[in-house]
There are 2 protein chains.
Amino acid sequence: MAEKKWVYLFNEIEQAEAYVGGDWDNVRGLLGGKGANLGDMTRIGVPVPPGFTVTTEACNEYSLNGKFPDGLWDQILVALAAVEKESDKKFGDKKNPLLVSCRSGAKFSMPGMMDTVLNIGLNDETAQGMAELTGNERFVYDSYRRLVQMFGSVVLEIPDEAFEAPMDEFKEAKGYKLDTEMTAEDLKELTAIFKKVVKAEYGTDFPQEPLEQMRLATQAVFRSWNGKRAIDYRRAENIPDSLGTAVNIMTMVFGNMGNDSGTGVAFSRNPVDGTKELFGDYLLNAQGEDVVAGIRNTEKIATLQTVMPEVYREFLDIMGKLEKHYKDMQDIEFTIERGRLWILQTRNGKRTARAEVAVAVQLVDEELITKEIALKRVKTKQVDALLHPQFDPTELKKTEPFANGVNASPGAAVGRIYFDADKVVEMAEVEKQDCIMVRPFTKPDDVHGMLSAKGILTSEGGATSHAAVVARQFGARAARKAFQFGVPCVVGASAIRIDLDKKVLVCGDLTLHEGDWISVDGSTGNAYVGQIGVVYPDLNEMKDLTTLLSWADDTAEMEVWANADYPRDATRARSFGAKGIGLCRTEHMFFETERLPIVQRMILAKTSEDRTAALNELLPFQRGDFDGIFEAMSGYPVIIRLIDPPLHEFLPSAEDLMESIITKRIEKIADYVNGKAIDKELADLEKMLKEVENLHESNPMMGLRGVRLSIMMPEVVEMQVRAIFEAACDVKARGFDPKPEIMIPLTGHVNELKRIQPRLVEIAKEITTERNVKIDYLFGTMIEIPRAAVTAKEIAEVAEFFSFGTNDLTQMTYGYSRDDAEHSFLVKYVEEGILPENPFQVLDRDGVGQLMKFAIREGRSARPDLNVGICGEHGGDPSSIEWCHIIGNNYVSCSPFRVPVARLAAAQAKLDHPDPEDRRTIVHKK
Amino acid sequence: MAEKKWVYLFNEIEQAEAYVGGDWDNVRGLLGGKGANLGDMTRIGVPVPPGFTVTTEACNEYSLNGKFPDGLWDQILVALAAVEKESDKKFGDKKNPLLVSCRSGAKFSMPGMMDTVLNIGLNDETAQGMAELTGNERFVYDSYRRLVQMFGSVVLEIPDEAFEAPMDEFKEAKGYKLDTEMTAEDLKELTAIFKKVVKAEYGTDFPQEPLEQMRLATQAVFRSWNGKRAIDYRRAENIPDSLGTAVNIMTMVFGNMGNDSGTGVAFSRNPVDGTKELFGDYLLNAQGEDVVAGIRNTEKIATLQTVMPEVYREFLDIMGKLEKHYKDMQDIEFTIERGRLWILQTRNGKRTARAEVAVAVQLVDEELITKEIALKRVKTKQVDALLHPQFDPTELKKTEPFANGVNASPGAAVGRIYFDADKVVEMAEVEKQDCIMVRPFTKPDDVHGMLSAKGILTSEGGATSHAAVVARQFGARAARKAFQFGVPCVVGASAIRIDLDKKVLVCGDLTLHEGDWISVDGSTGNAYVGQIGVVYPDLNEMKDLTTLLSWADDTAEMEVWANADYPRDATRARSFGAKGIGLCRTEHMFFETERLPIVQRMILAKTSEDRTAALNELLPFQRGDFDGIFEAMSGYPVIIRLIDPPLHEFLPSAEDLMESIITKRIEKIADYVNGKAIDKELADLEKMLKEVENLHESNPMMGLRGVRLSIMMPEVVEMQVRAIFEAACDVKARGFDPKPEIMIPLTGHVNELKRIQPRLVEIAKEITTERNVKIDYLFGTMIEIPRAAVTAKEIAEVAEFFSFGTNDLTQMTYGYSRDDAEHSFLVKYVEEGILPENPFQVLDRDGVGQLMKFAIREGRSARPDLNVGICGEHGGDPSSIEWCHIIGNNYVSCSPFRVPVARLAAAQAKLDHPDPEDRRTIVHKK
C-alpha cells in the first residue's frame, strides 16, 4: 500500500481532487477552505506565492495520537524542497533565505479562532543575510522580533503580557510613543530582549533551527483546533469537531521592499452600488498591517494604473480570471514585491443589498451566471432591506448618532421615548402617539409595551436577548402598518445610561426625558436625537431589482398576490408586481366614521325591515369600495372576503357604555331639576349596552363570526354580494375587466357552504342577468379551521377555490389565542427554544403545514383545478412561501410592500424544489 | 318462457325463496313482511288460515300500467281454488261461503298507512247462507254492513262521513247509544242503508259478485301504495318508493262463533319483567275489536288451560315453535274458531328494558341464541334507561300525572317551575335552586335557561321541536351531575295552558305558580305536581344485566374506565365495572373551601419562597386525595391529570372584586370617622384585582393553561407529582397496589413534554428511591390540541400513553368555543341539519375522528405498545365508543354512571367491527 499523502503542494490541487473523488466540498474538507482556494488559484494561473498544505487528515491523526503520522515530516521536507526550487530561495540559507508563513485553515472559516505564525525561517543568521540582501535592516529585525513574539505566544503559549511589558518599558526608556519610532538597532535589541523572555518563560531558547520552527508551528496549529475558543465557536456554529484543520505553509512575500513594492485590498466591482470598476486601496512600500493601521493615507486602486501600469494590467487580467472562475465579484488581498504581483487570498466580496442585486444582474448580462443562479444568490432579506422604509440619507448625512448598539431587528423607527410598558401602551393606544420603548433590558412583563411601540432601544443585551427576540418575532402588530416583520430594535447601546426612576436617558452630555423624540435605525444599530425623515423606496427606480424580479416571475411556479382593502392599496400592489388581490377585507370599510353608525343600527335592528333599511344605506358605500378596486385590478382576480369579525367589534365596549350611562344618569338628575329630558339618549345607550352584553362571548375567537354569522344573519353577506356584482357590472360597463372571487370565511363543515353559497350565487346570477353583463367569478372559502383542512375533499366539492388563513389556522391548530399567547408564554417558548420560531411569523411545517398539505391533496382529489392560495401573514415570509410551493399552492398573497420579497422567495422555492412530489396534481387555471 | 308467478300460496314460501335466490330479506321484498311471515309460519306447521299473497312485483306492474299484469287474475283464481279446497268452503257459495280478508303488506311496516278490507265474499245471498250456517244472523249482518262500509271507504273512496251520518241518524231514531244495542234486524236494515249510500255516492251498486269485490279490493290496496299519506310516510322513514306493496288474501276466521270460539293477543314471555310465562288476554265468543274496545273484561291467557285444555296445549307448542324459529320472544294475535286455533300474526314482542335484558339472558341460557346475539340485541339506550335515576315506583303508584306530552328527552327531573330563561338562570346559578323551565315552546333566546334547568316542559311542539333538540343534545351541562346525557324534557303537553304574563300554568282545575314544585318524567312524558322521590338503581341488584355485561367485557376489545376525582367516585366506578380511572382531575380539589385561600396565596405569591410555602401547605391535602383513590382502585390504573385550568379560575371575578372594593371604600369613609382602619383589607382586595386583571385573557380557552402553565410555573405540578408518589408509597406500604399514571394536559408540541416530563420523572424516582418502594407508573399526555394529533409520532416518542380529550379537541378542530356556541349558532346548526348532531355529544368522525385515527396510527408507529384512551364526554356515548373501537383505542373512560352503557357499547362495537383495519398494530399492555 502506497503511503498516504498528507501534504499537497498548491499546484497539486488536481491530485487532491482525485483523492476525494472530484467533489469540491470534499477538497475543502481535505485541504481546508484556504488551502483549497490557494491551490485553485494556482491552477488557474493566478500568481500565488509557492507553498503547500498539510491536510486535515494529518491534523486528525495528530489529535488522536499526539504526534505526526508516519511519513508526514518527510512529505513536508519534499514539499519544502519544491517550494525552494520554485521561489529560488532556500529555507535557512544565510544569503537568500526562504521565509514562510504557517496558517491554519479549516473547512469552514472560523475567523480569529485559530493560529498563525509569520516569518518562519528567520534566525540570527538568516536575519543578517536577509538584511544584507534587502538592504533594509529595520524591516528584517522588525520581522524577526515579531516571529519571536508570535512563536512565543502561539507555539510556546507564553502570555502576551510577557512580551508587551518589556517592550513598553523599552519604549518608555527610549522616550518613544509609537512603534514606528524604533530604529533598526532598537528592533535588534528588542529581538534580543524577546529571546530572553522566551528563555525565561519557557525554559529553553527560541529555536534557531528553521525546520524546528516549522515543525513546532505546524503542531501548534493542529493543537489550536482543540483549543477552548475554537471548540466553543464550533458549538455555537454547529461545526463538527471531526473536521480538523489544515495547515498552509506559504512563501512570505513583502510589500515593503521599496517603491516597487506595495500591498492592498481590492474588490472586482464596487461593493456599495455594484458598479463594474476596480475598487480598493493600497500603499506603496508597506505591509498589510500598515493598511489596516491607517497611519498613512491609502491610495485608490485606480492610481496603480499610472504608478505601475504593467502590474495594473496584470491586476485587471487576474480579476477577470478570478471572477470568471468564481462567477462572482471578488475581494482579494495582494502584495507587490519588487514589481511582482502576488495574490494572497480571494473570496466572494461582501456587498450591500443594492450591489448584490446589481452585480447579480450584471453577471447574468455578462453570461457569467445564469438567471437561476442570480435568483438564488440574492437573499430575500436583502430585497427586504432595499424596500424597507429607511431614514432619508440626506438627513442622515447632516447628523450623528448619539449612540450605537447591536442592530437586533431592522427598520427605521421614529417616536417619543417612554421607559415603562404601561406608559407605552397608554401613549400608543390611547393617545395615538408613536412611541419608542427605552429600557436597560426587557422582561416578559414588558411585552405588551414592546408590541405597542414603534421601536425599541436597550442599553444592555445582545442579538439573542429578550428584547431582540421579541422585537424580531413578535413585533408584527406594531410593524404591520410599516409593512415589515418585527419592530426596529437596537440593543446593547452600552454608552447610554437609563434612570428609570427619573425617567431620563443619559449619554455623555446628552439627557433625554420621557416624551422626547428619537429615531432608531434597527438596520445599523444607530440611535439619533429628534425625528429623522423616513423614505419609502420606489421599486420603479430600482431597475436591477425590477429586472431580477421579472426573472423571478418567469421562474416561479406560484404567483404573488397582495392583500389590499382599498383602491390605493390595490394600486400599490400592482406597482409592486402583484398578480391579483388575495384578500380584500370588507369589514374594515364598516369602521369608517360615516358608516359605523349605520352598521350599528343594522346590528341593533330588531326587525328584518329595520335591518334591511340599514343595509340598503350601506350598499352604495360598499359598491363604491369595490368599484375602485376592480378598476385598479382590471384583468386580475380580486378575492373579496365576506364579513368575518364578530358583531361586537362594531359596537362600543361594555365598559365605555357603562361610563357613558353613569355620566348621563348624573346629568339626568341635574336636567331633571332644569326640566330637560335625556331619557331617549339614555334609553339608546342602555339598549346598546344590553346588545353588547348579549353579544359577549367568553372566547370570541371561536365564537359567532365568519360564515357562522352569515348563517345566523344572511342579510349582511347578501348585501355584500349585491354590492360586489353591481360594482363589477358598473366597472365592466366602463371598459375594465373585473374578476371578482368571493371568499366565505371560517368554514368548518361543508354544510355551511351548502347553506350559504347557493343563495349568494343566486344573487350574482340575478344581477348579471338583469344587467345583461357577463362577469367571470368564483365562490370559494378560507381554510382556517382545522376541521376544514381535515374535510377538504368534501369542502372542495362546493368551494371553487381555497385560501389558507394561516393566522387563524395556526391559532386553532396550536390552540393558541395569539393576543394572549404573545403576551405570555409564547415569548418564553421561543426564547427557550420550546418552539423554534414564533409560529405566527414562520409557518409551522410539522403541524399547521401538514394540515395544509393534506387539505391541498384532498381538495384537488375532488376538484383537480382547485386554485389554492394563502392570505395569512405567512404569505410574506420566505420560509412559509417555500412551504407553500412545496405543497402545491397556486399563489401566495401578502401585504403590498412584501410582494417583491415574495416574488423572489417564490422563484427560489421553485429552484430549490423543482419538482416536489406533492405538486403532481396542480393545474393552473390561467 | 314460463309465465311470471305473481301469486304465492302461503304454503308456497319455498318457491318464493327459490325465486329470489334464498335470501330472506328478498323474500320480504317480494311478499312483504306480513306475507313472508304468514308463509313462514305455514311452513313450520303453525296453523295459519289458508290464503295467498299477490307479490310486490304485481303491485309495481299495476302502478306502471294502471292494470293487472297479464296472468295475475288467472293465478289469483287458481290460488283461490286451492284455498277453497283447503278450507273446505267455496267463495260465493250460498251454503258454505268462504270469506276472505284483503290486506296490504309492504317490506317495511307502515302502520296505519295502507288499506285493508275484511269479509270479502259477503253479498245478499252468501250473507243469508252464512246466517243459516252459523245461526248467528246478527254477526253475519254486522259483518256485511262492515264490508259495505269498508269497501265503500277504501275501494270506492267514499268519505267515512257518508256512512257515519246515516248510522248516527239510525241509532238516534232507534234511541240507541251503543252499536251493541243494534239487533240483527237493525244491522240488516243498516246494510241496506249503506248500500244506498254507495249507490248515491259512487253511482253504481255495491258489487254483489265476490270475485269483483276481491279484484277491486286488490287494486285499491295497490293504489294505496301511492296515496299521499303513504308517500309522506316513506319520505320521512327513508323507504324507497320502488318497493311496492304485496296483497294478502286470507281466509276469514271468526272468534265469535260461540263459546268454543274466541280471540286474543299473547306474549311468549312477560314483556314487563321478562319472566318465562305465557302472558296476554283473550275473550271467548268475541272478535278482535271487542278485545281492543275493552267492553268486556278480558281473561288472562292462563285461564285457557282450564277452559280449552287442548287448545292451550297446542298454544304452548306453537309458542315454543315460534320462539325457536324466530329466536326471540313473540307477540301473537290468535283466533279460536269452533275449537280450532288459528295464528293470525306473530312478531317479536315489544318489551321493557328490564324484560329485554332478562329475555336475552334467558335465551342464551336456553341455547336459543348466542351471547353475541344477546349483546347485539340489547340496545345501549335500554341499559341507559335501566340505570337512569327514576321516579320511585311506589310513590308513582300513589299519584297521577296532571299532564302528559311527548317524551322528548328521558330522565326524571324535580324542580320549581319558572317561565323565563333569565329567571331560570338566576334561580339555578345564583340561588342554587332546582328549576324546571316551563314555556309554550322555546326559541334560541331561551337556550341559556334550558342549559341551567333540571327539566323542561312545554305545551306545544313535537319530538323534533327546538325544545326537544336542545334538551336531548345540549342539556349536558345541567345533566352532567345527574349522570345522563340531555336534560329530561316533555313537550307538547297540550292540556296545559301557560300564561307568561301572569306566570301561571293552568291545567283543568289545577293552577301552578312560579316557584311551585313539579316532577317531570322525560321517559314517559308525564308531569306530576310536587316532588316525587328519585331512586338510583343499583347494578348489583340487576343480576341479568350483570351477567350480560360480564359477557360484554369478555367480548369487547376495549376496556371501560371511569372519570373520577374523589375516592367515593372511584368506589362507585368500580361497582359499575370500571377497569381503571381514565381521568382524575386534580384541580377540583383546589376549589374546596379550606384549600382555596392557600391556592390563591400560591397564585398571588411574588417570590418563589412564598409560592413554595403555599404549595407545601397544599401538598398534604393532595396526598390525602390520591391516597383514597389509589386504595379504592388497588390493582387498577389511575390516570391523574396535572393542573389544567387557567389560574384566574381560582380567583374571584373582577366584577365581584370591584364590588367588594367599592363597598369597602364606602365602609372606609364611615370607619374613618369612627377611627377604625380597613386599609389592609382594601389593599389585599386591590392586589387581588390587579392580579385578576393581569391574568385576564381575551380567549382563555386558548390561553395560559395545561402544560403551558406548568412550563411558566413548574412548582405546582412538581408538588402534585410529589403528592402522587408519596401517596402511592403510603398506600403500597398498607398492602395495596397503586398504579399511578400521570397525564400532562394540552400538549401541542413535543418540546413541551421534553421540557416538563423529565423533571417530573426525576421527582418520581427520587421519592420511590428514598422510600425504597417500587411503583409501576407511566407519564403520558392528553391529545386535545389538533397539533398534538398531527404530530402524534413525535409526541409518542416522549409520552408513554395518549388520552384523547375530545371536548377540547372538538372545540379546537371546529374552532367552536362550546360555551359560546351552545348559546348561539350551534343549536340552529343542529336543528337545521347543518351539523348532523351536536359534536360535543356525538363524536364527529369526519373531522375530529380523523385526527384521532391519524394520531393513533402515528403514535403507535413510534411506540407500538402505546396505550390510547379517551376521557372526554364522548367516552360515554355509544356511537363515539364505536369509533374509538374502530380506530384502535385501548379503552374509553366515562362518568361512573355511564360505565355499564359503555361496556355494552364496547362489546357491540367489537361485534359489528370484529377486525377493523386500523386495529392491526394494537398491543394491549396488560
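Thresholds applied
The residue count restarts for each chain, going from 1 along the sequence in the order it is written. For this description, chains carry letters from A and ligands carry numbers from 1, given in the order in which they are written. The model is predicted, so local features are restricted to residues of pLDDT at least 70 and side-chain atom pairs to those at 80 or more, both for listing and for counting; the totals for chains, interfaces and linings are taken over all residues. Based on all heavy atoms of the structure, the side-chain values leave hydrogens and waters out of the count. To pair, rings of Phe, Tyr and Trp, with the six-membered ring standing in for Trp, must have centres within 6.5 Å; the planes then decide the type, stacked if under 30 degrees apart, edge-to-face if over 60, and tilted in the middle. Only runs of H or I of at least four residues qualify as helices and only runs of E of at least two qualify as strands under DSSP, and these elements are numbered from the N terminus. Burial classes: relative accessible area under 20% of the type maximum marks a residue as buried, over 50% as exposed, and values in between as partly exposed (1.4 Å probe, protein chains only). Each ring is checked for a lysine NZ or an arginine CZ that lies within 6 Å of its centre and within 35 degrees of its normal; such an atom marks a charge sitting over the ring. Helix axes are fitted to C-alpha atoms over the stretch in contact, other axes to C-alpha atoms as well, and angles between N-to-C directions run from 0 to 180 degrees. Each angle receives one of four descriptions, namely roughly parallel if under 35 degrees, roughly antiparallel if over 145, roughly perpendicular if within 65 to 115, and oblique otherwise. The sense of a crossing depends on the near helix, which, turned anticlockwise from the far helix by less than a right angle, makes the crossing left-handed and, turned clockwise, makes it right-handed. Throughout, a contact is declared for two residues whenever any of their heavy atoms are within 4.5 Å. Charged residues are taken to be Asp, Glu, Lys and Arg, nonpolar residues to be Ala, Val, Leu, Ile, Met, Phe, Trp, Tyr, Cys and Pro, and polar residues to be all remaining types, Gly included. By this definition, two strands are paired if DSSP reports at least two bridges between them. A patch consists of residues whose relative accessible area exceeds 30% and which take part in no salt bridge; residues with like charges are grouped when within 9 Å of each other, and nonpolar side chains (Val, Leu, Ile, Met, Phe, Trp, Tyr) when within 5 Å. Note on areas: Shrake-Rupley with a 1.4 Å probe; residue coverage comes only from the protein chains shown. One side-chain nitrogen of Lys or Arg within 4 Å of one carboxyl oxygen of Asp or Glu is enough to make a salt bridge. The positive count covers Lys and Arg only, the negative count covers Asp and Glu only, and His and the chain ends enter neither. Just so you know, the charge point we use is NZ for Lys, CZ for Arg, CG for Asp and CD for Glu. Buried surface area refers to the total accessible area, computed with a probe of radius 1.4 Å, that the two partners give up upon joining, counted for both partners together. Counted as a polar contact is a pair of N or O atoms within 3.5 Å, where, for protein atoms, one must be capable of donating a hydrogen and the other of accepting one, and residues adjacent in sequence contribute only when both atoms are in side chains. Least-squares superposition of the copies uses the C-alpha atoms of those residues scoring a pLDDT of at least 70 in each of them. In predicted models, pLDDT denotes the confidence assigned by the predictor to each residue on a 0 to 100 scale. Between the first and last residue of a helix there are one fewer steps than residues, each counted as 1.5 Å, and that sum is the expected span.

(A) The packing of aromatic side chains, seen in detail. All names here are of chain B. Throughout the structure, instances matching the rule amount to 46 aromatic pairs over all chains. Measuring from ring centre to ring centre gives 6.5 Å for Phe 626 and Phe 630, while their planes differ by 35°; the resulting arrangement is tilted. Of this pair, Phe 626 and Phe 630 both sit in helix α25 (residues 608-632), 4 residues apart, which is roughly one turn of the helix. In this pair, the class of Phe 626 matches that of Phe 630, namely buried. Taking NZ or CZ as reference, Lys 5 lies 4.8 Å from the ring centre of Tyr 8, over its face. When the ring centre of Trp 225 is taken as origin, the NZ or CZ atom of Arg 234, which lies over that ring, is 3.8 Å away.

(B) Region of the structure containing the packing of helix α1 (residues 13-20) of chain A against helix α2 (residues 24-43) of chain A. Residues and elements named next belong to chain A. Relative orientation of the contacting elements α1 and α2 amounts to 160°, with a least axis distance of 9 Å. In terms of orientation, α1 and α2 fall into the roughly antiparallel class. Once α1 is placed against α2, the crossing between them reads as left-handed. Contact residues: α1 offers Ile 13, Glu 14, Ala 16, Glu 17, Tyr 19 and Val 20, while α2 offers Trp 24, Asn 26, Val 27, Leu 30, Leu 31, Ala 36, Gly 39, Asp 40 and Arg 43. Residue classes in the contact of α1 with α2 are distributed as 9 nonpolar, 2 polar and 4 charged.

(C) The pairing of strand β22 (residues 510-513) of chain A, seen in detail. Residues and elements named next belong to chain A. Sheet topology places strand β21 (residues 504-507) next to β22; 4 bridges connect them, and they run antiparallel. Within β22, the residue paired with Val 506 across the bridge is Thr 511. The antiparallel pairing of β21 with β22 creates a hairpin that spans 2 residues between the two strands, and Gly 508 there sits at a positive phi of about 60°.

(D) The arrangement of a nonpolar patch on the surface in detail. Residue and element names in this part refer to chain A. Taken together, Met 658, Ile 662 and Ile 666 make up a surface patch of nonpolar side chains, about 290 Å² in accessible area. Following the sequence through the fold, Met 658 ends up in helix α27 (residues 654-674). Overall, Met 658 belongs to the partly exposed group, its relative accessible area being 40%.

(E) The arrangement of the sheet that holds strand β24 (residues 526-529) of chain A in detail. All names here are of chain A. Judged by pairing direction, the sheet is mixed, and its 8 strands sit side by side in the order β14-β24-β23-β16-β17-β18-β19-β15 without closing on themselves. The sheet is open, and its two borders are formed by β14 (403-404) and β15 (406-409), each paired with just one other strand. Both strand β17 (residues 435-439) and strand β18 (residues 455-458) contribute to a ladder of 4 bridges, which runs parallel. Within the sheet, the bridge partner assigned to Met 437 lies in β18 and is Ile 456. The sheet strands contacting helix α18 (residues 421-430) are β16 (412-418) and β17, and the helix crosses β17 at an angle near 175°. The sheet strands contacting helix α20 (residues 466-474) are β15, β18 and β19 (489-491), and the helix crosses β19 at an angle near 170°.

(F) Molecular detail of a negative patch on the surface. There is a patch of like negative charges on the surface, built from A:Asp160, A:Glu161, A:Glu164, A:Asp168, A:Glu169 and A:Glu172. Of the residues examined, A:Glu164 reaches a relative accessible area of 41% and is grouped as partly exposed.

(G) Broad picture of the interface of chain B and chain A. Residue-level contacts link 45 residues of chain B with 45 residues of chain A. Buried surface at the junction of chain B and chain A, summed over both partners, amounts to about 4,000 Å²; 57% is from carbon and sulfur atoms. A per-residue breakdown of the area chain B buries against chain A is headed by B:Met702, B:Arg787 and B:Ile834, which together make up 16% of the total. Summed over the shared surface of chain B and chain A, the number is 4 salt bridges. The residue B:Asp844 makes a salt bridge to A:Arg787 at a minimum N-O spacing of 2.6 Å. Counting every contact that joins chain B to chain A gives 26 residue pairs in polar contact (both at pLDDT 80 or more). Broken down by secondary-structure element, the contributors of at least two residues to the side of chain B that touches chain A are α28 (706-712), α30 (750-771), α31 (786-790), α33 (806-814), α34 (818-823), α35 (825-831) and α36 (848-862) of chain B. A breakdown of the residues in the side of chain B that touches chain A according to their chemical character gives 19 nonpolar, 14 polar and 12 charged.

(H) Examining the sheet that holds strand β2 (residues 51-54) of chain B more closely. Residues and elements named next belong to chain B. Spatial strand order, β1-β2-β7-β5-β6: 5 strands in an open sheet with antiparallel pairing. Since the sheet does not close on itself, it has two edges, and those belong to β1 (7-9) and β6 (116-120), each with one partner. In this sheet, neighbouring strand axes are inclined to one another by 20° on average, regardless of whether the strands run parallel or antiparallel. Strand direction decides the pairing type here: β2 and strand β7 (residues 245-251), joined by 4 bridges, are antiparallel.

(I) Highlighting the side chain of B:Ser893. All names here are of chain B. Structurally, Ser 893 is set in strand β33 (residues 891-894). In this structure the side chain of Ser 893 is engaged in a polar contact, spanning 3.1 Å, whose partner is the backbone oxygen of Ala 562. Excluding residues that lie within four positions of it along the chain, Ser 893 makes contacts with Trp 561, Ala 562, Asn 563, Gly 582, Leu 583, Ile 870, Cys 871, Gly 872 and Gly 875.

(J) Representation of the pattern of salt bridges within the structure. Residues and elements named next belong to chain A. Applying the stated criterion to the full structure yields 112 salt bridges over all chains. Between Asp 232 and Lys 228 there is a salt bridge; the shortest N-O distance is 2.6 Å. Remark: Lys 228 and Asp 232 occur in helix α10 (residues 228-237); sequence separation between them is 4 residues, near one turn of the helix. For Lys 774, the salt bridge is made with Asp 776, and the minimal N-O distance between the two is 3.0 Å.

(K) The arrangement of the relation of the copies chain B and chain A in detail. The transform that puts chain B on chain A rotates by 180° and translates by 0.0 Å along the axis, for an RMSD of 0.3 Å. Such a turn and shift between the copies fits a two-fold axis. Ranked by how close their C-alpha atoms come to the rotation axis, the residues of chain B are headed by B:Asn699, at 2.2 Å.

(L) Spotlight on the confidence of the model for chain A. All names here are of chain A. Taken as a whole, chain A shows an average pLDDT of 91; of its residues, 96% reach a score of 70 or greater. Confidence drops under pLDDT 50 across residues 919-926; counting only partners more than four residues distant or on other chains, this segment forms 22 contacts. Complex prediction metrics read pTM 0.86 and ipTM 0.85.

(M) Layout of the environment of A:Phe206. Residue and element names in this part refer to chain A. Here Phe 206 is to be found in the loop between α8 (184-202) and α9 (210-224). You can call Phe 206 buried: its relative accessible area is 4%. Phe 206 sits 10 residues away from Lys 196 along the chain, and the two C-alpha atoms are 8.4 Å apart. For Phe 206, the contacting residues outside a window of four places in its chain are Leu 122, Tyr 144, Leu 147, Val 148, Phe 151, Lys 195, Val 198 and Gln 213.

(N) Representation of helix α31 (residues 750-771) of chain A in the model. Under the 1.5 Å per step criterion, the end-to-end length of α31(A) is 31 Å for 22 residues, consistent within 8% with the ideal 32 Å. Looking at the buried residues of α31(A), the elements they touch are α29 (706-712), α30 (715-733), β29 (739-744), β30 (778-783) and α33 (792-796) of chain A together with α35 of chain B. Following α31(A) by one or two positions, A:Asn772 adopts a phi angle in the positive range, close to 55°.

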